[in-house]
Amino acid sequence: MNSIILLDDQIRHLLAHLLTKDNQPLINWMTSLKIEDGNVMIIYECRPDEAAEIDLLRQKAETSIKGLATVTQVRSVLTTQRPLLKTPQKPQEPASLPTVRQIFAIASGKGGVGKSTTAANLAIAFSQSGRKVGLLDADVYGPSLPRLFSITDKPDVTADKKLVPIFRHGIYCMSIGFMVGEETPMIWRGPMVHGALQQMLKDVAWPELDMLIVDMPPGTGDAHLTLCQQVKLDGAVIVSTPQDIALIDARRGLHMFRRVQVPVLGIIENMSQFNCPNCGHVSDIFSHGGAQNEAGKLGIPFLGEIPIDLSIRLHSDQGTPITVTEPDSIVAGIYRDIGQKIINTLKVL
Ligand SMILES: Nc1ncnc2c1ncn2[C@@H]1O[C@H](COP(=O)(O)OP(=O)(O)OP(=O)(O)O)[C@@H](O)[C@H]1O
Ligand SMILES: [Mg+2]
C-alpha cells in the first residue's frame, strides 16, 4: 500500500511539473490514475482544441513514468469526449453577487472530514471579528446547516421572490435543508442539483456581506463545476484529515479548483492530534502533519491544524458551535487564527 502511495506521489509530482505553453501543469487534465502491481493507467481529458498540446505532454509523461523504479508498464489515454468537460470550452463568465465582497468555498475531495463544522466555526470567528458573513450550505444531497445551527424555520420570500437568509449566531444562512426535510429522498434531490445551487446563489436576498462562505458537498463532481462556473469564487480552502488516503482526495479537490482557475487559499488539517482531556496524553489518531507536508509539496499555504476535540462534535450536534459556546477555548482561538490567515491570503478584506 505504502509503495503505491509513494508511486502515486511521484507520478503526480511529475505531472505537476510538465507545463503547457500557458504554464498549466499537465495534472490539471488528469481525471484518473490507477496503479496495480507496477502497472500504471492514466486518463486525461481535454477540449478538442487543446488535444495536440496535451497529447505531446502525455507522451513525455509516459516516457518519464516508465523510468520510475517499480513501474513495469504505463498506459495513458487522452480523450476529448466527455460532455461535462466540454463546458469550460467557452466558459460562461461567472457572475459576481452584487452585495457580496468576497466568496470562498470550503471543500475537500473526501466526505466526512469536517468541512461543514470548519465552515460554520470559521464563519462565526469571522463575524466575531466584526465582519458581516453569510454561510451557504451547497450540499444539496446532505445539507448540514439546519443541524449545525439548529435551524428549523423556513426562509421568508420577498415580493420579488427572493429567499431571505436566516440570521443565526450572527451569520446569514442559506441551505436547501431549510426548504427540504432531511427525510426527502436523494433520488428527488438529484435533478435539483443545478437549479437549486443556482437559486441559492442568485435568488437569495443576500444583504451587504463582507464574505460569503460556501460549504461544498464532498467530492469533485457536478455540483462543484456548476458552482465554480456560475459564480465568481475568490478562492477555495481545502479541508483534509492528516492520513494519506484523505490527502489523495484533497489533492483531487485541489486540482479541480486549479482546473477552473479558482485560487486555492490553503489547506487545513482537521481532526489532527487528540489531546486527552483526562490524562493530557497526545495521540495521532489519524496521523499528524500530513496536510502540512502536502501543502509544502503542492506549494500552497498551510492554514493550521484543528485537533480532534469532543466539544467540537458535541456543540455541533447541539446546534451551537464551539466558537459560540466557548469563545475563549483554545479551539475557538485556533479557528480565529486560521480565519486570520485566510483573510491575509484573500488580502482584500
Ligand atoms: N475537529 C473535530 N473534532 C471532533 N469532531 C469533529 C471535528 N471536526 C468535525 N467533527 C465531527 O465529524 C463529523 C463530520 O463532520 P462534518 O459534517 O463537518 O464533515 P463534512 O466534511 O462536512 O461531511 P460531508 O462530507 O458529509 O459534508 C461530525 O460529527 C462533526 O461534529
Ligand atoms: Mg458537510
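Everything below is about the structure printed above this text.
Description of the structure in this document. Remember, predicted model here, so these are calculated numbers, not experimental data.

Once that is clear, we can look at the environment of Glu-62. Structurally, the position occupied by Glu-62 is in helix H2 (residues 51–66). On the basis of relative accessible area, Glu-62 is assigned to the buried category, the value being 17%. The spatial distance from the C-alpha of Glu-62 to the C-alpha of Ile-42 is 9.1 Å, given a sequence separation of 20 residues. Setting aside chain neighbours within four positions, we find Glu-62 in contact with Val-74, Arg-75 and Ser-76. One polar contact links Glu-62 to Ser-76, side chain to side chain, over a distance of 2.4 Å.

A separate point is the site of ligand 1. In the vicinity of ligand 1 there are 18 residues, among which Gly-112, Lys-115, Ser-116, Thr-117 and Pro-307 approach most closely. The backbone of Val-113 places a nitrogen or oxygen atom 3.1 Å from an oxygen atom of ligand 1. About the coverage of ligand 1: the protein hides 80% of its 630 Å² of free accessible area. Breaking the shell around ligand 1 down by element, the ones donating at least two residues are helix H4 (115–128), strand S10 (264–275), strand S12 (302–308) and helix H11 (310–318). Split into classes, the residues belonging to the shell around ligand 1 amount to 7 nonpolar, 7 polar and 4 charged.

Reading the values: the criteria
Residues numbered from 1 in each chain as written. Chains lettered and ligands numbered in written order. Predicted model: local features only at pLDDT ≥ 70, side-chain atom pairs only at ≥ 80, totals over all residues. Heavy atoms only, no water. Helix = DSSP H or I, 4+ residues; strand = E, 2+ residues; numbered from the N terminus. Buried < 20%, exposed > 50% of the residue type's maximum accessible area, 1.4 Å probe, protein only. Contact = heavy atoms within 4.5 Å. Polar contact = N/O pair within 3.5 Å; in protein donor to acceptor, adjacent residues only side chain to side chain. Near = heavy atom within 4 Å. Areas by Shrake-Rupley, 256 points an atom, 1.4 Å probe, with all protein chains shown as cover. Nonpolar A, V, L, I, M, F, W, Y, C, P; charged D, E, K, R; others polar.

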